[in-house]
Amino acid sequence: MNKTIGVLAHVDAGKTTFCEQILYHTNSIRSRGRVDLKNTFLDNHDIERQRGITIFSEQGVFKYNNSKYYLVDTPGHIDFSADMERAISIMDYAVVVISSVEKIQSHTKTVFRLLKNNNVPIIFFANKIDREGADIELLIQDIKDNLTSDVVDLSENLNIENNKELSDELIEFISERDDLLFEKYLNDEYENDLWVDRLKEMVKTLKIYPLLKGSALHDIGIDECLQKIDFLTYTSYDENKEFVGKVYKVKYDENKNRITYIKALQGKLKVKDEVNYNHKDKILSEKINSIRVYNSNKYEAVNDIKAGQIFAVTGITQAISKAYISQIDYNLNDINKISNKNEIISTLKSKVIFDKCLNIKDILNIFKILDSEEPALNVVWDEYLKEMNIHVMGKIQLEILKDVIKNRFGVDIEFGKCEILYKETVKERTIGYGHFEPLGHYAEVHLLIEPNKRDCSITFKNNAHVDEISIGNQNLIKTHLFEKEHKGVLCGYPLTDLSITLLTARAHNKHTSGGDFRQATLRALRQGLDQVESILLEPYYRFRIEVDLNNMGRVLSDIQKMNGEFNPPETFKDKTIIEGRGPVATFMEYSLELATFTKGNGTISLVFDGYDICHNSQEVIEQIGYDKDSDSEYTSNSIFCSKGKAYVVPSEDVKNHMHCLK
């Protein structure tokens, strides 16, 4: 049986040390590494060892009883959450490591939410039980208050060695969550095997969250934890179906060979097999050149793999993280209907600064590789400003990225200050018209542009008739709308929350050629934006602040000053909890201020909560100083042709010249 077990935690909870112990106890490694000694097996990158944190997800392989395990260690720092989220997508089960001293922390809540949203069963490991201040009962109550009430301590309540014996407390706990078992329980019809099977099933379906405990650093409870994880978990992969796999990571080796990491969801795959995948709305077919099974940074070359395994291949050149790989088209198309929307969103951007004597093409190639490995960077070259920007989670990520580029590529890079990543949308519906007809070219596009629900990005509908424009050209227009992020007219920030409908379009049998519809589409989009009021959007945090009662007044005052809003505070003994919502721009540095005036006793949890209307739009617009009419990449004017000569029609008069309206 193949099982993928992810290990996740808030930073410094002991996650990597826990992984070291598991690998050591299963004879996968000969000696246990330590984070403070910089010799851990899975944190194999020099930068990870120097800083003592996990930056890149990595997998270890071990066998236990009759199962083969793929243990995935994930980053615990919030700046590297995008990597963690991709790893979650291929997990069968997850172990969430929680410090018994610090208990539930902000990132633990994010981890739990992501796992639940991805339907990944969760087992808690209460770590550091030997530390002063550790209290399992308080930890369990903290889990119930902040994560789930369906947590149960299995350390004392489940005895596997003694005929899989369940305690009375556990029997009752399971019965309360199953109508059939509850009826049997009331009638004194207890059946041990039935209760055990339901326990496993309820863990699998996220109805029960087992808790195990120990100390990873001092090797307490690891054997018992491993034994119970093996007992509670099961998978049922089908090897007899056509192969389907899911990409979860892309890396480049020292020779710049592209390595694509995949989880096999069903079927089998061999070297030289041909696979299909969707890339930018096109089905690509490529041959597998080699298959590797990685154990940390070392690998074994194999000829084939089967369902449930994690492996890496060479030969795939374009597949991105969360893409599905298949051997037949219908499986691929069916599976690609599954939503792969990321919940971890970068809210900051930074300018890439490099020595002007360096070749810009070399810098672009470096960031193209980095963008393939970490799609959340969203590397963008601005041709108008002649500058490169990236999207990031925070300052720590920039520091790491700088070190990575120096170590891997031998290039010194600096980054500008972190800036808020704003977005733009429209306030009301509009119709945009675009026409592109220089001599020898022809294309016209009409787009209905409407406000969409918040955080819905851009959606597309097609109301054009095949009698007016061919299916091929209709699809071409859609492709141009989604080929990249498009700029708004206020500050040149990316457009979002739009519903765009293709109303009609026109081509010419002789003169329409490649690129004509791109020009007409972008002009129609821009011309429509020009006709109505646009709205500047900014990212928001959902926050939870816990402070002593005597600090409540100060916190409430601060929230108002930072343009936040809050629910009525909840008071427990001498503590108060304040939950609310506020702009990232004003709250991003507040944790430092909170720690200062509460002398370290106050805590704040910040979770990205989507985009909303900017609290200081006019100030931002004036500061950016974007001139929409000077952006050479985007224009709202159209080009027409008369008597063999092209001429420009300004935005405000374009509608009167449209051929489709005559």
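Preceding this paragraph is the structure being described.
Because the structure is a prediction, the values reported are computed rather than measured.

Conventions adopted
Residues numbered from 1 in each chain as written. Predicted model: local features only at pLDDT ≥ 70, side-chain atom pairs only at ≥ 80, totals over all residues. Heavy atoms only, no water. Helix = DSSP H or I, 4+ residues; strand = E, 2+ residues; numbered from the N terminus. Rg over C-alpha atoms; globule rule 2.2 N^0.38 Å. Buried < 20%, exposed > 50% of the residue type's maximum accessible area, 1.4 Å probe, protein only. Contact = heavy atoms within 4.5 Å. Lys, Arg positive; Asp, Glu negative; His and termini not counted. Charge placed at Lys NZ, Arg CZ, Asp CG, Glu CD. Expected span 1.5 Å × (residues − 1). Pairing = 2+ DSSP bridges. Axes fitted to C-alpha atoms, helices over the stretch in contact; angles between N-to-C directions. Parallel < 35°, antiparallel > 145°, perpendicular 65-115°, else oblique. Left-handed = near helix turned anticlockwise from the far one by under 90°. Nonpolar A, V, L, I, M, F, W, Y, C, P; charged D, E, K, R; others polar. Core = buried A, V, L, I, M, F, W, Y, C linked by side-chain atoms within 4.5 Å. Patch = residues over 30% accessible without salt bridge, like charges linked within 9 Å, V, L, I, M, F, W, Y side chains within 5 Å. Areas by Shrake-Rupley, 256 points an atom, 1.4 Å probe, with all protein chains shown as cover. Salt bridge = Lys/Arg side-chain N within 4 Å of Asp/Glu carboxyl O. Phe/Tyr/Trp six-rings, centres within 6.5 Å; stacked < 30°, edge-to-face > 60°. Lys NZ or Arg CZ within 6 Å of the ring centre and 35° of its normal. Right-handed = clockwise from strand over helix to strand, strands pointing away. Polar contact = N/O pair within 3.5 Å; in protein donor to acceptor, adjacent residues only side chain to side chain.

S.K.: Would you mind going over the overall build of the protein with me for this structure?
M.R.: A tally of helices and strands in the protein yields 18 helices and 36 strands. Relative to the 2.2 N^0.38 estimate, which gives 26 Å for 662 residues, the radius of gyration of the protein is 28 Å and therefore close to what a compact globule would have. Dimensions along the principal axes, computed over C-alpha positions, put the protein at roughly 95 × 65 × 60 Å. Counting only residues that meet the buried cut, the protein has 53% of its 662 residues in that class. Intrachain contacts of the protein at a sequence separation of at least 6 include 73% that bridge at least 24 residues. Of note, the protein has its 84 positive side-chain charges centred 5 Å away from the centre of its 102 negative side-chain charges.

S.K.: How should helix H14 (residues 516-530) be read in this particular structure?
M.R.: Side chains that are three or four residues apart share a direction in an α-helix, a result of its 3.6 residues per turn. With 15 residues, H14 should reach 21 Å at 1.5 Å per residue; the first-to-last C-alpha distance of 21 Å fits that figure. For H14, the tally of buried residues reaches twelve of 15 residues, placing the bulk of the element in the interior. When we look at burial in H14, the residues that qualify are Asp516, Phe517, Ala520, Thr521, Leu522, Arg523, Ala524, Leu525, Arg526, Gln527, Gly528 and Leu529.

S.K.: In this structure, what is going on with helix H1 (residues 15-25)? I would like to understand it.
M.R.: Counting buried positions along H1 gives nine out of eleven residues, so the element sits mostly inside the fold. Buried residues of H1: Lys15, Thr16, Thr17, Phe18, Cys19, Glu20, Gln21, Ile22 and Leu23, and no others. Residues of H1 that are buried sit in contact with strand E1 (2-9), strand E2 (58-64), strand E3 (67-73), strand E4 (93-99), strand E5 (122-127) and helix H9 (222-232).

S.K.: I keep staring at the sheet that holds strand E19 (residues 324-326) and nothing clicks. Help me out?
M.R.: Hydrogen bonds between backbone groups are what pair the strands of a sheet, and the pairing can be parallel or antiparallel. Spatially, eight strands are ordered E14-E13-E19-E10-E11-E18-E15-E16 in an open sheet, and the strand pairing comes out antiparallel. With partners counted over all chains shown, the strands left at the sheet margins are strand E14 (282-287) and strand E16 (298-302), one partner each. Across the sheet, the mean angle separating the axes of adjacent strands is 40 degrees when strand polarity is ignored. Bridging between strand E11 (residues 258-266) and strand E18 (residues 310-314) involves four bridges; their strand directions are antiparallel. Paired with tyrosine 261 across the strands is alanine 312, a residue of E18.

S.K.: Hey, could you run me through the packing of helix H6 (residues 168-175) against helix H8 (residues 192-204) in this one?
M.R.: When two helices pack together, you describe them by how their axes are tilted relative to each other and by the distance separating the axes. Relative orientation of the contacting elements H6 and H8 amounts to 60 degrees, with a least axis distance of 10 Å. By the angle between their directions, the pair H6 and H8 is classed as oblique. In this structure, H6 meets H8 at a crossing whose hand is left-handed. Contacts between H6 and H8 pair Leu170, Ile171, Ile174 and Ser175 from the former with Trp195, Arg198, Leu199 and Met202 from the latter. For the contact of H6 with H8, the class distribution of residues is six nonpolar, one polar and one charged.

S.K.: What is the right way to read the nonpolar core from this model?
M.R.: Grouped burial of nonpolar side chains is what soluble globular proteins tend to show. The biggest cluster of nonpolar side chains holds 107 residues, and the ones touching the most others in it are Leu115, Phe124, Phe367 and Ile405. Sort the elements by how many residues they give to this core and helix H12 (residues 395-409) lands first, with six residues. Once residues within four sequence positions are removed from consideration, phenylalanine 124 is found in contact with Val96, Ile98, Phe112, Ile143, Leu147, Thr148, Val151, Tyr209, Pro210, Leu211 and Leu212. Listed in part, the 43 residues of the second largest apolar core include Ala13, Phe125, Ile174 and Ile222.

S.K.: Please clarify how the sheet that holds E1 should be interpreted in this entry.
M.R.: Strands sit in the order E2-E3-E1-E4-E5-E9-E6 across an open sheet of seven strands; the sheet is mixed. A single partner strand is all that each edge strand has here, and the edge strands are E2 and strand E6 (151-153). For this sheet the average axis-to-axis angle between neighbouring strands, irrespective of direction, equals 25 degrees. For E2 and E3, the ladder comprises seven bridges, and the chain directions are antiparallel. The partner of glutamate 58 across the bridge, within E3, is aspartate 73. Contacts from helix H5 (residues 136-146) reach E4, E5, E6 and strand E9 (209-213) within the one sheet, and its direction differs from that of E6 by about 165 degrees.

S.K.: Could you clarify how one ought to interpret a nonpolar patch on the surface in this entry?
M.R.: There is a patch of nonpolar side chains on the surface, built from Phe182, Tyr185 and Leu186 and spanning about 280 Å² of accessible area. Within the fold, phenylalanine 182 resides in helix H7 (residues 179-186).

S.K.: Would you explain the packing of aromatic side chains in this entry?
M.R.: By convention here, two paired aromatic rings are described through the distance between centres and the angle between planes. Under the definition given, this model contains 15 aromatic pairs. We note lysine 204 situated over the ring of tyrosine 234; from NZ or CZ to the ring centre the distance is 5.0 Å. Between the NZ or CZ atom of lysine 423 and the centre of the ring of tyrosine 611, over which it lies, the distance is 4.8 Å.

S.K.: Sorry if this is basic, but what is going on with the pairing of strand E22 (residues 387-392) here?
M.R.: Each regular strand shows side chains that alternate between the opposite faces of the sheet. Taken across its six residues, E22 has six buried, putting it largely inside the fold. Side chains Glu387, Asn389 and His391 project from E22 onto one buried face, and the interleaved Met388, Ile390 and Val392 project onto a second face that is buried too. Looking at chain direction, strand E20 (residues 348-353) and E22 are connected through five bridges and run antiparallel. Residue pairing across strands places lysine 349 opposite histidine 391, the latter belonging to E22. Bridge analysis of strand E21 (residues 380-382) against E22 gives three bridges, and the strand direction is antiparallel. Counterpart to tryptophan 381 in the pairing with E22 is methionine 388.

S.K.: How should the pairing of strand E29 (residues 498-506) be read in this particular structure?
M.R.: Burial within E29 is extensive, with seven of its nine residues counted as buried. Looking at chain direction, strand E27 (residues 443-451) and E29 are connected through eight bridges and run antiparallel. The residue bridging glutamate 444 from the neighbouring strand is arginine 506, located in E29. Bridge count between strand E28 (residues 458-462) and E29: five bridges; the pairing is parallel. Bridging across to E29, lysine 461 finds its partner in threonine 501. Regarding the hand of the β-α-β motif, the stretch spanning E28, helix H13 (residues 471-482) and E29 is left-handed.

S.K.: Any chance you could explain a negative patch on the surface here in plain terms?
M.R.: Together, Glu137, Glu165, Asp168, Glu169 and Glu172 give the surface a local cluster of negative charge. Turning to its location among the elements, glutamate 165 is positioned in strand E8 (residues 165-166). By relative accessible area, which is 39% here, glutamate 165 ends up partly exposed.

S.K.: What should I look at first to understand the side chain of glutamine 21 in this one?
M.R.: Residue position: glutamine 21 is located in helix H1. Accessibility expressed as a relative area gives 5% for glutamine 21, which makes it buried. Within the local environment of glutamine 21, its side chain forms a polar contact with the backbone oxygen of alanine 216, the two atoms lying 2.8 Å apart. Those residues in contact with glutamine 21, other than ones at most four positions away along the chain, are Arg32, Ala216, Leu217, Asp219 and Ile222.

S.K.: Any chance you could explain the pattern of salt bridges here in plain terms?
M.R.: Pairing between side chains of opposite charge can happen when the charged atoms of each approach one another. Here the structure, examined in full by the defined rule, presents 41 salt bridges. Measuring nitrogen to oxygen at the nearest pair gives 3.9 Å for the salt bridge that ties lysine 184 to glutamate 189. Judged by its relative accessible area of 18%, lysine 184 falls in the buried class. The closest approach of N and O atoms between aspartate 612 and arginine 454, which form a salt bridge, is 3.9 Å. Taken together, the residues span a long stretch of sequence, with aspartate 612 in strand E34 (residues 603-613) and arginine 454 in the loop between E27 and E28 at a distance of 158 residues. We classify arginine 454 as partly exposed; its relative accessible area is 33%. Linked through salt bridges whose partners overlap, the residues forming this network are Arg454, Asp497, Arg542, Arg581, Asp609 and Asp612.

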